[in-house]
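Coordinates in review
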Amino acid sequence: MTEYRSGDLSFSSMAVLRDLGEIPSVSLDYFESHALPPLPQGVDVTKIKESLRDAAIWCEGSQRWAVFETNPKKSRKSEDDAFKPLSRVFDAVVREARKTIGDRETTLKYGSRPAKSPTCERSNSTRPDAFLLLREKKSIDDKTDTSNDSWNDIAVSFEFKKGTGEEDRKDDEKKVISSLHHIMRSDPCRRSTLGVTIENTQMRFWFTCRAITLVSKPFNFFTEPEHLIHFFCSLAFANEHQLGWDPTVQRVCVEGKPQYNITVRTDEGKEMVYQTTKVISDFSAHAMQGRGTRVFQARLTLQNGQPVHNAQPFVLKDSWRELGWAREDEILVQIFDGLGKKYDTKKVSEARDYFLTVLAAGDVIMDGKKDKTTSLLRDADELPPDFGLHPLPADDLPEWKSTRTGEGLTSNFSCVPPSVEKSQIHHRIHYRVVFKEVCQPIHDLKRLDTVFKTLMDIHKALQLLHSIGWVHRALSTGNALHFGGMGKLADLEYAQHMDSSITHEVQPGTLEFMASEVEAQKYLFEPRGNKPRGEGKPGGGDFECPFRFNPLHDMESLWWIATWTLYYHVDQRGSRPSSEQITQFYELFPGLLDTRFSTFSTPLQYNVLPASFHDAGYEVEFMHQEIMVAYTESEKSMPPAYTNPLEKLQSCFTECLASAYAASENIEIFSPNAKRQREDPPSDTRDPKQPKRDDSREPSNGGHQ
């Protein structure tokens, strides 16, 4: 799978196009009724068309806009100049609309600066051919400077072509998707955005939000001007939140840098404003559809309207969960309710040390209602019966290649493409959670013993979850956190009780740390000779038990984190990994789907690692072999009977992680491609019991190669 964080715009665009694949194509009536804001009261598109005809702006006889001397395809002018009259069409439509709604100012204005990229905090070279942008700037640059436009002010991105060939259409589509993607990934103030593509006189409208990306059927904007009139009228006078901006997020300039004032409103009605100080993570926002999660470090500045001074830093998480799913803070409450029923008060209190502390949480409120993607689509729950699927031009894009031996190792993690049903709208609800602890993710730690101490605590958190029938389902280096000498397990939005009948429409997890069976969505260790496989299916064929996530998959993800840590790092500042280490790193973490099981089934060659890593590598390979034993034992019956194998595996992990921790004391780890940025916080001063390494102990299924 292509990576969003490759740092290369063309590859980022490639990832988006390939992930979207094909998108719903809907009628103009549906698009106008659901993807556009409502027309201002009093606006009659038919009457405006007649007024434009009477004013000789649109010519009924020649079936074209008078400001266009000829069809763009026939024009001898440059592409930019051939479509320049579109700005005059916008002005004329607005002028006629004002005659019925009063002389009120538009929210948007038309702009075109195709030779100059709009400014943005995130590096980007995309240049839309034209755009509709806010008259009152939201960008924090000089608001009196009219020579620069900002992506932060653009509501609609346009792409033009004089030609009508397939390559013209493909190029427009690639560019408009790139613009929509850039806005959604870069701007925390955005909930949705729009686009327009034109090939000669054929026009399409585009819309995207966290629930879906849509394109309209094409129409001829010369001979069917009513659709363009509707488009301009509905957008020009809409308010900012109807245009996709979030009024609960305000961009501000702090010490010369952009930050955000974000409002959090609890279920009890308490309102707080937090000012961000830095972005912790926004990787999830890079996908067009999905949760769009952004995590900030922030400080409380206002509480119920009263200023707060010198507040300590917290963590603010902004995300879009699926409708019908609980918020992360609500899931934590359910988990601790379950722990309270199983354990005494002291044990439950100790358990809280392994999870984050929620300070505030609530759904985002807009216009007195919860902010849902349904409001962005004007309550459309379903696509129209006559929708089609429009394939996006991804096949001819260049293949992404991982950095190889000559260049070292890359730490980017691959995004799992969403396995969503393209014929449905997957609606979401916007929420925010504030956590007390500002942690370090495990991939930022700089000592190997700190990593293994953190993994020991993450394992304890998983044991607690598993003991009450819960699974995490999305363990990665991004949610295995270190704080105050302890490991803490985060990102519980995908956590689920094993008895739950609710299913996600997406496959959660980061590919590098996803269990092999989860990637395959089927059981892989079931003995082929099992008699029961053929039972229960009409016709006597093999019966394949429906796949379901179980605790063994969490354990495998934990193992992948330990493995990634060892194979990605070196133990000397400025040193490079051996060619053998690099080769095995890319065999283990190729960033591609459908490779996980064959890789997982192969023993680790931990002798290719730096010598100081070998003892920890031995323990990690022992864990590896015991995971496979647990899978094989559990899948002798279907559905898997994992209880006893899990208990044995957890005991193995407890011992092996503790031994790896002891063997890693004071070993520093370095990224082969980055200078050391900071030291780890001191390791936990507690001295957990360390079982002695037993050199006679051999992994159950092979061992060190």
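The sections below set out a description of the structure shown in this document. (Residues numbered from 1 in each chain as written. Predicted model: local features only at pLDDT ≥ 70, side-chain atom pairs only at ≥ 80, totals over all residues. Heavy atoms only, no water.)

Details of the overall build of the protein chain
- Counting its regular elements, the protein chain contains 17 helices and 26 strands.
- Residue burial in the protein chain is summarised as follows: out of 705 residues, 57% are buried.
- In the protein chain, the share of contacts with a sequence separation of at least 24, taken over all contacts with a separation of at least 6, comes to 75%.
- Of the roughly 29,600 Å² that the protein chain leaves accessible, carbon and sulfur atoms contribute 46%. (Helix = DSSP H or I, 4+ residues; strand = E, 2+ residues; numbered from the N terminus. Buried < 20%, exposed > 50% of the residue type's maximum accessible area, 1.4 Å probe, protein only. Contact = heavy atoms within 4.5 Å. Areas by Shrake-Rupley, 256 points an atom, 1.4 Å probe, with all protein chains shown as cover.)

What to know about the nonpolar core
- By size, the foremost hydrophobic cluster in this structure holds 83 residues, and its most contacted members are F355, F452, L455, W559, L566, Y567 and F653.
- Each residue touching F355, except ones within four places of it in the same chain, is listed here: L332, F336, E437, A461, L464, L465, K488, L489 and L492.
- In terms of nonpolar packing, the next biggest core, distinct from the first, is built from 78 residues, V67, V89, L235 and A311 among them. (Core = buried A, V, L, I, M, F, W, Y, C linked by side-chain atoms within 4.5 Å.)

Some remarks on the environment of S139
- If you trace the backbone, S139 turns up in the loop between β5 (130-134) and β6 (154-161).
- Residue class for S139 comes out buried when judged on its relative accessible area of 1%.
- A polar contact of 2.7 Å, which involves the side chain of S139, links it to the side chain of D153. (Polar contact = N/O pair within 3.5 Å; in protein donor to acceptor, adjacent residues only side chain to side chain.)

Some words on the pattern of salt bridges
- Applying the stated criterion across every chain yields a total of 36 salt bridges.
- For R204, the salt bridge is made with E199, and the minimal N-O distance between the two is 3.5 Å.
- Judged by its relative accessible area of 13%, R204 falls in the buried class.
- For K317, the salt bridge goes to E493, with nearest N and O atoms at 3.0 Å. Here the residue K317 occupies a position in strand β16 (residues 313-322), and E493 occupies one in the loop between β25 (486-489) and β26 (496-497), the gap between them amounting to 176 residues. E493 shares its class with K317; the two are buried. (Salt bridge = Lys/Arg side-chain N within 4 Å of Asp/Glu carboxyl O.)

Brief notes about the packing of aromatic side chains
- Scanning the entire structure with this criterion turns up 29 aromatic pairs.
- Of the aromatic side chains, those joined through ring pairs into one cluster are F513, F525, W559, W560, W564, Y568, F585, Y586, F589, F597, F600 and Y631.
- Directly above the aromatic system of F336 lies the positively charged group of R352, at a separation of 4.1 Å from the ring centroid. (Phe/Tyr/Trp six-rings, centres within 6.5 Å; stacked < 30°, edge-to-face > 60°. Lys NZ or Arg CZ within 6 Å of the ring centre and 35° of its normal.)

As for the environment of P672
- Residue position: P672 is located in the segment after α17 (643-663).
- Separated by 97 residues in sequence, P672 and S575 have C-alpha atoms that sit 6.6 Å apart.

Side note on the sheet that holds strand β22 (residues 440-441)
- Overall, antiparallel pairing links the three strands, which are arranged β22-β24-β25 in an open sheet. Every interior strand has two partners, whereas the edge strands, β22 and β25, have only one.
- Contacts between helix α11 (residues 448-467) and the sheet are confined to β24 (480-483) and β25, with β25 contributing the most and set at about 45 degrees to the helix. (Pairing = 2+ DSSP bridges. Axes fitted to C-alpha atoms, helices over the stretch in contact; angles between N-to-C directions.)

Focus: helix α8 (residues 328-342)
- End to end, α8 covers 21 Å across 15 residues, agreeing with the expected 21 Å (1.5 Å per residue, within 8%).
- Of the positions making up α8, those classed as buried are E328, D329, I331, L332, I335, F336 and L339. Seen along its axis, α8 keeps its buried residues to an arc of 155 degrees; they face one direction.
- Of the surrounding secondary structure, the elements contacted by the buried residues of α8 are β16, α9 (345-351), β17 (358-363), β21 (428-435), α11 and β23 (470-471). (Expected span 1.5 Å × (residues − 1). Arc of directions from axis to C-beta.)

Some details on unusual backbone geometry
- The omega torsion of the bond from M638 to P639 falls at 0 degrees, within 30 degrees of zero and hence cis.
- Structurally, the position occupied by P639 is in the loop between α16 (614-634) and α17.
- Of note in this structure, D379 is not a glycine but carries a positive phi near 65 degrees.
- Looking at the secondary structure, you find D379 in the loop between α10 (373-376) and β20 (388-391).

Things to note about the packing of helix α5 (residues 86-101) against helix α7 (residues 225-236)
- Close contact between α5 and α7 brings their axes to 10 Å; oriented N to C, the two are set at 70 degrees. Classified by the angle between their axes, α5 and α7 sit roughly perpendicular to one another. Along this stretch, α5 crosses α7, giving a crossing that reads as right-handed. Within the contact between the two elements, α5 uses L86, V89, F90, V93, V94 and A97 and α7 uses L228, I229, F232, C233 and A236.
- Across the contact of α5 with α7, the residue classes break down as eleven nonpolar, no polar and no charged. (Parallel < 35°, antiparallel > 145°, perpendicular 65-115°, else oblique. Left-handed = near helix turned anticlockwise from the far one by under 90°. Nonpolar A, V, L, I, M, F, W, Y, C, P; charged D, E, K, R; others polar.)

A closer look at the pairing of strand β12 (residues 257-265)
- In terms of strand pairing, strand β11 (residues 249-254) meets β12 through six bridges, oriented antiparallel. If you follow Q250 over to β12, its bridge partner there is N261.
- Counting the residues between successive antiparallel strands, the hairpin from β11 to β12 contains two residues, one of them, E255, with a positive phi of roughly 55 degrees.
- As judged from the five bridges shared by β12 and strand β13 (residues 271-281), these two strands associate in the antiparallel manner.

A word on α11
- Taking 1.5 Å per residue, 20 residues should reach 28 Å; α11 reaches 28 Å between its end C-alpha atoms and fits that length.
- Among the 20 residues in α11, 17 count as buried, and that is most of the element.
- Just downstream of α11, G469 is the residue with a positive phi angle, here 85 degrees.

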